[in-house]
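# A look at the structure
Below are the chains, spelled out letter by letter.
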Amino acid sequence: MAETPLTGERTASILAVFQLLADGLPPDRSWPGGDWPLIGGFKPDWLEVVLGSVLTQNTRWENVENTIPRMKSRGLVTLEEVHRCPLGELESAIRPAGFFRQKTRTIKGLAGFFLRHIDPNGIPRREDLLALKGVGFETADSILLYGFNRPEFVADAYSRRLLRRLGIVGPNIEYADAKLLFESCLKQEVHLYKTFHALIVQHAKQICRKRPLCGQCPLRQDCQTYLRGQRKLDREAE
Ligand code: SF4
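Criteria and cut-off values
Residues numbered from 1 in each chain as written. Predicted model: local features only at pLDDT ≥ 70, side-chain atom pairs only at ≥ 80, totals over all residues. Helix = DSSP H or I, 4+ residues; strand = E, 2+ residues; numbered from the N terminus. Core = buried A, V, L, I, M, F, W, Y, C linked by C-beta atoms within 7 Å. Buried ≥ 20, exposed ≤ 12 C-beta atoms within 10 Å, placed from the backbone. Contact = placed C-beta atoms within 7 Å. pLDDT = per-residue confidence, 0-100. Expected span 1.5 Å × (residues − 1). Axes fitted to C-alpha atoms, helices over the stretch in contact; angles between N-to-C directions. Left-handed = near helix turned anticlockwise from the far one by under 90°. Nonpolar A, V, L, I, M, F, W, Y, C, P; charged D, E, K, R; others polar. Parallel < 35°, antiparallel > 145°, perpendicular 65-115°, else oblique.

## A few points about unusual backbone geometry
- Look at the link from Lys43 to Pro44: it is a cis peptide, with omega at -10 degrees.
- In this structure, Pro44 sits in the loop between α1 (8-24) and α2 (46-55).
- Backbone geometry places Asn58, a non-glycine residue, at a positive phi of 55 degrees.
- Residue position: Asn58 is located in the loop between α2 and α3 (61-73).

## Observations regarding the nonpolar core
- Core analysis: the largest hydrophobic core is formed by 54 residues, its most contacted members being Val50, Leu51, Ile107, Leu110, Leu166 and Phe182.
- If one sorts the elements of this core by residue count, α2 sits on top with 7 residues.
- If we skip the residues at most four places from it in the chain, Leu110 touches Val50, Val54, Leu132 and Val135.

## Looking at α2
- With 10 of 10 residues buried, α2 is to be regarded as a mostly interior element.
- Buried residues belonging to α2 abut α3, α4 (79-84), α5 (87-94), α6 (100-117) and α8 (137-148).

## Observations concerning the confidence of the model for the chain
- On average, the chain scores 92 in pLDDT, and the residues at 70 or more come to 96%.
- Here helix α12 (residues 224-237) stands out as the element of the chain with the lowest mean pLDDT, 86, in contrast to α2, whose mean of 98 is the highest.
- Low confidence marks residues 1-5, where pLDDT is under 50. Its contacts with residues over four positions away, or in another chain, come to 11 contacts.

## Observations concerning α12
- Between its terminal C-alpha atoms α12 stretches 20 Å, which fits the 20 Å expected from 14 residues at 1.5 Å a residue.
- For α12, the buried fraction is low: 1 of the 14 residues fall into the buried class.

## Some words on the packing of α5 against α6
- Put simply, α5 and α6 touch, their axes get as near as 9 Å, and they point 115 degrees apart. Remark: the crossing between α5 and α6 carries right-handed chirality. In contact with Leu87, Leu90, Glu91 and Ile94 of α5, α6 contributes Phe100, Arg101, Lys103, Thr104, Ile107 and Lys108.
- Split by residue class, the contact of α5 with α6 holds 5 nonpolar, 1 polar and 4 charged.

## Describing the packing of α2 against α6
- Here α2 crosses α6 at 150 degrees, and the two axes come no closer than 10 Å. The angle between α2 and α6 places the two elements in the roughly antiparallel class. Crossing angle aside, the handedness with which α2 passes α6 is right-handed. Counted together, Val50, Leu51, Val54 and Leu55 of α2 and Lys103, Thr106, Ile107 and Leu110 of α6 form the full contact between these two elements.
- Class assignment for the residues of the contact of α2 with α6 results in 6 nonpolar, 1 polar and 1 charged.

Okay, here's the thing in structure tokens:
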């Protein structure tokens, strides 16, 4: 069942989460200011975001950090070069990111799409990106937000897990509903979307992990998962 997208209470909760994370987490040097950590040297520069958005699928960010320089060192730095590159060579360059066969085809498809459909100053349409094989909601929104500065919130698995654990949404929240919730609650500002998403990722990696470290969490006083655990402990102590 689709989640109810918005109540005043939910808006207040989402805004409070942002503020508590912004105030409570240490500065993250790997994603300064929430911007995509570009190494540079790609033309156009958003190509690096496009590549990273695909390479990060189902793998750790560290593998993307290893793969992007590898592509660069092999001269795969323009749409034309990526599109022209023989499949086997592209697969070899992408291998450290895992699922390299599938990702190679997705990247080829994206390079072809951009070469055919947009001029260097153009902005792709979300529905056109989503029509490409291997491009899901998260990949499309990452490309649009970080590559083209479009206000599209990236409601990735970390965001949805956080909303669920906090008790803001139910257990079956889907991407589209979580995205709508964030976008309904926040001002439509690219910088805010980037910063918030970066904070959620940082929090998910450092604190709200698979096994959460609730004792270190700036959100615990309002978190249903934490409070349930506390109530259980209190009952056991009685
Ligand atoms: S209190 Fe625990 S479960 Fe709740 S958001 Fe923080 S780390 Fe996650």
